Amino acid sequence: VQLQAYGGGLVQAGGFLRLSCAAPGRTFSSYAMGWFRQAPGKEREIVAAINWSGRDAYYTDSVQGRFTISRDNAKNTVYLQMNSLKPEDTAVYYCAADRNTGSVRYRTYDYQYWGQGTQVTVSS
């Protein structure tokens, strides 16, 4: 499954972006999905994750209340709405899919498929 993440860009602090992740020609409605990010010199970290139905989600503490993960299984697309962006949110953002369970997954090794990443830069 080849995932395509897009929607990144340059935004001022306090602004917003919406990331999207799609898998053209494939359906991942039964897969758990996640968004990760990696800043220069840092390890890749979980940002948010969602179960197959969209009814269960997880957020890392630093984005709780500012980011929202959602999915539209009819469109095979997962979204990450990012509000009140901060300079520390600057990173390459990756979407990922887990085919093994439909449950929320937290770790990079839980996911088998990855997108190419999209750069998010937040200026102060």
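Report on the accompanying structure. Worth saying up front: this structure is predicted, and the values here are computed from it rather than measured.

1. Re the pairing of strand β9 (residues 91–98)
Then step 1. Here β9 lies mainly inside the structure; seven of its eight residues are buried.
Then step 2. Direction of pairing for strand β4 (residues 32–38) relative to β9: antiparallel, over a ladder of seven bridges. The residue of β9 that forms the bridge with Arg 37 is Tyr 93.
Then step 3. Here β9 pairs with strand β11 (residues 118–123) via three bridges, running antiparallel. Across the sheet, the residue bridging to Val 92 is Gln 119, located in β11.
Then step 4. Of the pairings in the sheet, the one linking β9 to strand β10 (residues 113–114) comprises two bridges and is antiparallel in character. Looking across to β10, one finds that Ala 97 is bridged to Tyr 113.

2. Side note on the pairing of strand β7 (residues 67–72)
Then step 1. Burial of the side chains of β7 is restricted to one face: Phe 67, Ile 69 and Arg 71 are buried, whereas none of Thr 68, Ser 70 and Asp 72 on the reverse face is.
Then step 2. When β7 meets strand β8 (residues 77–82), the two strands line up antiparallel, connected through six bridges. Note on β8: the bridge partner recorded for Arg 71 is Val 78.
Then step 3. Once β7 ends, the chain turns through four residues before running back antiparallel as β8, passing Asn 76 with a positive phi of about 50°.

3. What about the nonpolar core?
Then step 1. Judged by nonpolar contacts, the single largest core of 30 residues is most densely connected at Leu 3, Met 33, Trp 35, Leu 80, Met 82 and Tyr 93.
Then step 2. For this core, the elements supplying multiple residues, two or more each, are β3 (17–22), β4, β5 (45–50), β7, β8, β9 and β11.
Then step 3. Excluding anything up to four places from it in sequence, Met 33 contacts Leu 3, Cys 21, Phe 28, Ala 49, Ile 50, Ile 69, Arg 71, Val 78, Ala 96, Ala 97 and Tyr 111.
Then step 4. Residues Ile 46, Ala 49, Val 104 and Tyr 111 belong to the second largest nonpolar core, which totals six residues.

4. Considerations on the packing of aromatic side chains
For any two aromatic rings, the description comes down to two numbers: the centre-to-centre distance and the angle of the planes.
Then step 1. On inspection of all chains with the given rule, the structure shows five aromatic pairs.
Then step 2. For the ring pair Tyr 31 and Tyr 113, a centre distance of 6.3 Å and an interplane angle of 10° mean the geometry is stacked. Pair noted here: Tyr 31 is in the loop between β3 and β4 and Tyr 113 is in strand β10, with a separation of 82 residues, a long-range link.
Then step 3. Owing to a relative accessible area of 12%, Tyr 31 belongs among the buried residues under this scheme.
Then step 4. Judged by centre distance (6.2 Å) and plane angle (65°), the rings of Tyr 111 and Trp 114 are edge-to-face.

5. Description of the state of the cysteines
Then step 1. Under the defined criterion, the tally for this structure stands at one disulfide.
Then step 2. There is a disulfide in this structure between Cys 21 and Cys 95, and the S-S distance comes to 2.1 Å. Negative torsions about the S-S bond denote left-handed disulfides, and the value of about 65° found for Cys 21 with Cys 95 makes this one right-handed. One end of the pair, Cys 21, is in strand β3; the other, Cys 95, is in strand β9, and 74 residues separate them in sequence. The pair Cys 21 / Cys 95 is uniform in exposure class, with both members buried.

6. Concerning the sheet that holds β7
Then step 1. Strand order across the open sheet formed by four strands is β1-β3-β8-β7, with antiparallel pairing between neighbours. Bordering the open sheet on either side are β1 (4–6) and β7, each of which pairs with just one other strand. For this sheet, the mean angle separating the axes of adjacent strands, direction not counted, is 15°.

The rules we used
Residues numbered from 1 in each chain as written. Predicted model: local features only at pLDDT ≥ 70, side-chain atom pairs only at ≥ 80, totals over all residues. Heavy atoms only, no water. Buried < 20%, exposed > 50% of the residue type's maximum accessible area, 1.4 Å probe, protein only. Helix = DSSP H or I, 4+ residues; strand = E, 2+ residues; numbered from the N terminus. Pairing = 2+ DSSP bridges. Core = buried A, V, L, I, M, F, W, Y, C linked by side-chain atoms within 4.5 Å. Contact = heavy atoms within 4.5 Å. Phe/Tyr/Trp six-rings, centres within 6.5 Å; stacked < 30°, edge-to-face > 60°. Disulfide = S-S within 2.5 Å. Axes fitted to C-alpha atoms, helices over the stretch in contact; angles between N-to-C directions.

This is a description of form; function is not addressed.
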